[in-house]
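# Fold and geometry: a report
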Amino acid sequence: NPYQAAFDLPGWGFYVADRIAQHLGFPADAPSRSRACMLYVLEMAANEGHTAVEKPQLENKMSELFQIETEAFDAAFQKMVTEGDLVCRTVDGFENDLVYLGHLFEAERRIAAHVDRLLKAPLPVSRFDRQALIQEVIENLAIEPSAQQAGILEAILQHRMAIITGGPGTGKTTLVRAVCTLYKRLGKSVFLAAPTGRAARRLAEVTGREARTIHRMLLYDPDQEGFQKSEKDPLDADVVIVDEASMVDVVLMRHLLDAVSTKSRVVLVGDRFQLPSVGPGNVLSDLIDAGAIPVFELTEIFRQAAESPIVLNAHRVRAGQMPVMEPKTDPDELQEFYIIEQASAESAARQIVEMVASRIPDTFGYDPIRDIQVLTPMHKGIVGTIALNQALQQALNPQSPGIEVFGTTFRIRDKVMHLRNNHQKEVYNGDIGIVEDFDKRHQKILVRYDDRPVPYEKEEIQELTPAYAITVHKSQGSEYPAVILPLMGIHYPMLQRNLLYTALTRGKRLVILIGTQQAIRAAVENNRASNRLSTLKAMLADLKA
DNA sequence: TATAAAAA
Ligand SMILES: Nc1ncnc2c1ncn2[C@@H]1O[C@H](COP(=O)(O)OP(=O)(O)OP(=O)(O)O)[C@@H](O)[C@H]1O
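Rules behind the numbers
Residues numbered from 1 in each chain as written. Chains lettered and ligands numbered in written order. Predicted model: local features only at pLDDT ≥ 70, side-chain atom pairs only at ≥ 80, totals over all residues. Heavy atoms only, no water. Bend = angle between axes of the 7 residues up to and from the residue. Helix = DSSP H or I, 4+ residues; strand = E, 2+ residues; numbered from the N terminus. Buried < 20%, exposed > 50% of the residue type's maximum accessible area, 1.4 Å probe, protein only. Contact = heavy atoms within 4.5 Å. Phe/Tyr/Trp six-rings, centres within 6.5 Å; stacked < 30°, edge-to-face > 60°. Lys NZ or Arg CZ within 6 Å of the ring centre and 35° of its normal. Core = buried A, V, L, I, M, F, W, Y, C linked by side-chain atoms within 4.5 Å. Domains from an automatic or database assignment.

As named in an unreviewed UniProt entry, chain A is ATP-dependent RecD-like DNA helicase, taken from Desulfatirhabdium butyrativorans.

This is the structure we're talking about:
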């Protein structure tokens, strides 16, 4: 069965393989072919973020791409539904029947069931004087919470499940610190987690407590391709708090809630207008829309001044309008937001390097390594992280002694990020440090994380990447004095509104957008996150009824 | 119509 192998081919690889198989005379109506094609169409939809497809659309695709028509379609469809590969349902709010991959249906169904289970479980009556306790916690915080934050802090206590939302820089993560402290003060254990390593690291920095990726918290086992934590072995925490929840897909949320016992509480924190999950679903957005879980929203922005052009442009982008530069009154006056047009990727890359190395330090006084962060949509390409890191290193740190590992050089003074959890060394994906020393004789380097030096043997250096430029995905949750964001035609597959919104709200005092008008427009106009087809909201409504 | 994350 050639379709067994072909199915592993990514994207259009399957389509091409099918054409070849057809050309070689493999029967077009073979059941194995129909089955593989059906899975392919649904996988492609999942790739675009959908958890299900309307049945007529599935039929159209099967006909268009593979000329599999009614009879063959029905035969394959029935068999797959019977065997559990597919689930077909009539769902409120959808004109046509929906077809799901079995595991995505199961993920959404279980999330809804878990939310229902947690919301129905009564909370024990608290014997504490809540007001006095909250007052005490607030007085001991490094950052004094706003009235809005303090109000949510108190309200959160009264719910087994809650959502904290609000725009970028409104202090959601900062509020988590207070929530943590309060629960600790009540003698409750708190687990903190985030979908990306970098966001987990940032959460740990803001709260001063351990925070892990959701995968690490659930003890992901790559051999089993599954999680050790589950209903049978739930998370041993009174409170589980997940930050940057917009990036959690349906499958991960299912496993997370599988592992939350009815004795625990859950707080989801995130902003649905920032990046959606890489995998299918729109979990946070659906949960907010469903209205079953209490939602607390922060509105006051702390990261930038309210009248900052960064904030103004973030609002424009969120509303689907092009970002704009303020008209200059005085030619020498410095701005907070710049849009610089560059037609080619090469010239954009050159200008980014020049800005980081000299223009921004000279005119704004920012330190290239500490204060300026280049964010880019992709890893590959001339304006991807890999090439930009090379070029930036060449400009910022060309001379220091260093070591080359698989084509990447690490020199003393380089800013680096650790990528692969290393439990012995206690360094994890998302940790950012500076190369402090290089031992030429033993081919070792020393990386300093805050105040902790960590030695790397030569074979371990591949767990690092230079971090002058990182992806927008990894930057979600973090903030930097100055941000440079290239948006070019070659980033096309990544250009979407949420990505631009997330990237430019990372900057505290300076944001420079470099690219083509076309690419910026493509990003602003592409609101595909909100076009994801998902049914979690409908399933929750169903349970309520 | 290929890209972003997670894990080793
Ligand atoms: N009550 C406050 N007073 C002063 N500054 C605050 C307050 N709350 C938060 N901040 C500051 O605002 C900035 C943004 O806060 P934070 O990172 O918590 O926002 P966020 O809502 O989590 O953002 P994002 O959506 O980007 O993750 C931080 O520099 C933080 O120190």
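## Comments concerning helix α15 (residues 345-364)
M355 marks where α15 bends most, by close to 55°. Of all the positions in α15, only A345, S347, A348, A349, Q351, I352, V353, M355, V356, I360 and P361 are classed as buried. Of the surrounding secondary structure, the elements contacted by the buried residues of α15 are β12 (337-341), β13 (372-376), α16 (385-396), β22 (480-487) and β23 (507-515). Where α15 terminates, the next one or two residues include G365, which has phi positive at roughly 80°.

## Description of the packing of aromatic side chains
Scanning the model with the defined rule gives nine aromatic pairs in all. Each ring, one from F14 and one from F66, has its centre 5.9 Å from the other, and the planes form 80°; the classification is edge-to-face. Of the two residues, F14 sits in helix α2 (residues 12-23) while F66 sits in helix α4 (residues 55-66), which places them 52 residues apart along the sequence. Taking the centre distance of 6.0 Å and the plane angle of 55° together, the rings of Y15 and F66 count as tilted. With a gap of 51 residues between them, Y15 in helix α2 and F66 in helix α4 connect regions that are remote in the sequence. We note that Y15, like F66, is buried. These aromatic residues form a ring-pair network of at least three members: F14, Y15, Y40 and F66. Between K55 and the ring centre of F77, over which it is positioned, the NZ or CZ distance is 4.3 Å.

## What to know about the nonpolar core
Counting residues in each nonpolar core, the largest one holds 68 residues, and the members touching the most others are L58 and F66. It is helix α3 (residues 31-47) that contributes the most residues to this core, nine residues altogether. Two domains each provide a minimum of three residues to this core, namely domain 1 (4-89) and domain 2 (107-301 + 531-542). In this structure, A162, V176, L182 and L203 belong to the second largest nonpolar core, which totals 32 residues.

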